[in-house]
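Listed below are the residues making up each chain.
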Amino acid sequence: MDNQIIGASHGLAQTMEQVSIVAPSDLTVLIRGETGSGKEVVARAIHEQSPRADKAFIRVNCGAISPQLIDSELFGHEKGSFTGAAGVKLGWFERADGGTLFLDEIGELSLAAQTRLLRVLQEGTLNRVGGEHEINVNVRIIAATHRNLADMVNVKLFREDLWYRINVFPIYLPALKERKQDITALANHFSKRAAKKLGLPFIPITANQIRMLQAYNWPGNVRELQVVMERAAILGQGKQLNIEASLGPTFKGTAPLTAPTSSENNKELNSIDNNISIEPLEKTIVSSINNALKVTNGKISGEGGAASLLNINPNTLRSKMRKYQITIKYYPSDIQEGH
Ligand SMILES: Nc1ncnc2c1ncn2[C@@H]1O[C@H](COP(=O)(O)OP(=O)(O)OP(=O)(O)O)[C@@H](O)[C@H]1O
């Protein structure tokens, strides 16, 4: 179940077609897609459908490499080649030899690191730091980025020669908001996974809940949906999927999918861009309190109570409830509707 690619024959059909075209070759692939959209999932699929499937798949997060250690990370080092080099260390290229090297977030590499990477890609050979022999490596490169590398080339933040070398077969991975038809299957997949992990019964998502998930923009893409479903399963404790509460804080901060009318714009919601919206503070306070009371089934104080969820004193919560005329009497029946 874990390696399954949900939406492969729906929202990701075009992407997966490209995967099956390029996988058998040794071509370098560049996957472009927003954060959390499934770039690593696609990279693994390419590897698994390639003749290298039984060899290593090594993922490197290019954003997490210290510039001082880049040579040692790329090429490895010999024992004693610098202070702290206690033994021989294999670099990424040697570890991935015969297999696939997945350079995730390649747009985050420093210019110095780009130069080093270009060298090994061009020459196909490397020297370990402190090493005397040239080592041949046979590695298939898959790179990924959420950035527009062409723009980065224009402003000289990304080397043009490296860009040509990695942009051989580009694959575009659509954001989740562009393939909302996959949301139901993804949500059920993650709900099943969460139930298994938490030892709870699997609860399928309802039509109402699907509408709610589809009304959201998903700036964090599939990864965000995964988290929302996991939280919904925990909050629902095997009795229901508590989607509204799980989505609550995020959902309330979502810009409407259609542009607000000017009167809405002035009175209710000031939409600044696709992902940011501003509500009157009182409205946010009231909805936070309501959400906390829903999650706790109306329990105000003590462990697992709404006050502790909101990180305020129970007396402060009671006084705010009086001030905003918030009552709890309707929560238990509301929660059973399974929204
Ligand atoms: N189509 C899919 N089917 C099933 N699970 C998916 C799918 N797409 C993404 N996921 C899951 O969503 C999570 C995020 O995916 P992944 O790590 O591949 O995204 P990413 O684009 O590489 O993220 P980042 O930009 O942070 O590197 C992972 O747990 C992955 O298993």
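These numbers come from a predicted model, not from an experiment. (Residues numbered from 1 in each chain as written. Predicted model: local features only at pLDDT ≥ 70, side-chain atom pairs only at ≥ 80, totals over all residues. Heavy atoms only, no water.)

A. Geometry of helix 9 (residues 207-214). Listed as buried for helix 9 are Gln 209, Ile 210, Met 212 and Leu 213. Along the long axis of helix 9, the arc covered by the buried residues comes to 160°, so they all point the same way. (Buried < 20%, exposed > 50% of the residue type's maximum accessible area, 1.4 Å probe, protein only. Helix = DSSP H or I, 4+ residues; strand = E, 2+ residues; numbered from the N terminus. Arc of directions from axis to C-beta.)

B. Representation of the site of the ligand within the structure. The environment of the ligand is formed by 19 residues, the closest being Ile 6, Lys 39, Glu 40, Arg 223 and Gln 226. In this structure, an oxygen atom belonging to the ligand sits 3.2 Å away from a side-chain N or O atom of Asp 104. For the ligand, an oxygen atom lies 3.0 Å from a polar atom in the side chain of Arg 223. Protein burial of the ligand: of its 630 Å² of free accessible surface, 86% is covered by the chains. With respect to the detected pockets, the ligand is housed in the largest pocket. Where the shell around the ligand is concerned, the elements lending two or more residues are helix 2 (39-48), helix 8 (183-198) and helix 10 (221-236). Here the shell around the ligand is built from residues that sort into seven nonpolar, six polar and six charged. When residues of the shell around the ligand are assigned to domains, at least three map to each of domain 1 (13-174) and domain 2 (177-336). (Near = heavy atom within 4 Å. Polar contact = N/O pair within 3.5 Å; in protein donor to acceptor, adjacent residues only side chain to side chain. Areas by Shrake-Rupley, 256 points an atom, 1.4 Å probe, with all protein chains shown as cover. 1 Å grid on protein atoms, 1.4 Å probe; cavity = no way out; pocket = protein on both sides within 12 Å on 5 of 7 lines; lining within 4 Å. Sits in = over half its atoms within 2 Å of the grid points. Nonpolar A, V, L, I, M, F, W, Y, C, P; charged D, E, K, R; others polar. Domains from an automatic or database assignment.)

C. Up close: the environment of Gly 199. The residue Gly 199 is located in the loop between helix 8 and helix 9 in this model. As for Gly 199 and Gln 237, which are separated by 38 residues in sequence, their C-alpha atoms are 9.8 Å apart.

D. Up close: empty space enclosed by the protein. Scanning the entire structure with this criterion turns up two cavities of 30 Å³ or more. For the second largest cavity, the calculated volume is near 50 Å³. Lining the second largest cavity are Ser 191, Ala 195, Leu 200, Pro 201, Ile 203, Ala 233, Gly 238, Gln 240 and Leu 241. When its residues are assigned to classes, the lining of the second largest cavity shows six nonpolar, three polar and no charged. (Points joined across faces, edges and corners; volume = space filled by probe spheres on them.)

E. A look at the sheet that holds strand 1 (residues 29-32). Read from one edge to the other, the open sheet built from five strands follows the order 2-5-8-1-9, with strand pairing classed as parallel. Bordering the open sheet on either side are strand 2 (57-61) and strand 9 (169-172), each of which pairs with just one other strand. Within this sheet the neighbouring strands show an average axis-to-axis angle of 20°, counted without direction. Bridging between strand 2 and strand 5 (residues 100-104) involves five bridges; their strand directions are parallel. From the neighbouring strand, Arg 59 faces strand 5, where its bridge partner is Phe 102. Relative to the sheet, helix 1 (residues 13-22) contacts strand 1, strand 8 (140-145) and strand 9, its axis offset from that of strand 9 by approximately 155°. Helix 2 contacts strand 1, strand 2, strand 5, strand 8 and strand 9 of the sheet and is inclined by roughly 155° relative to strand 1. (Pairing = 2+ DSSP bridges. Axes fitted to C-alpha atoms, helices over the stretch in contact; angles between N-to-C directions. Contact = heavy atoms within 4.5 Å.)

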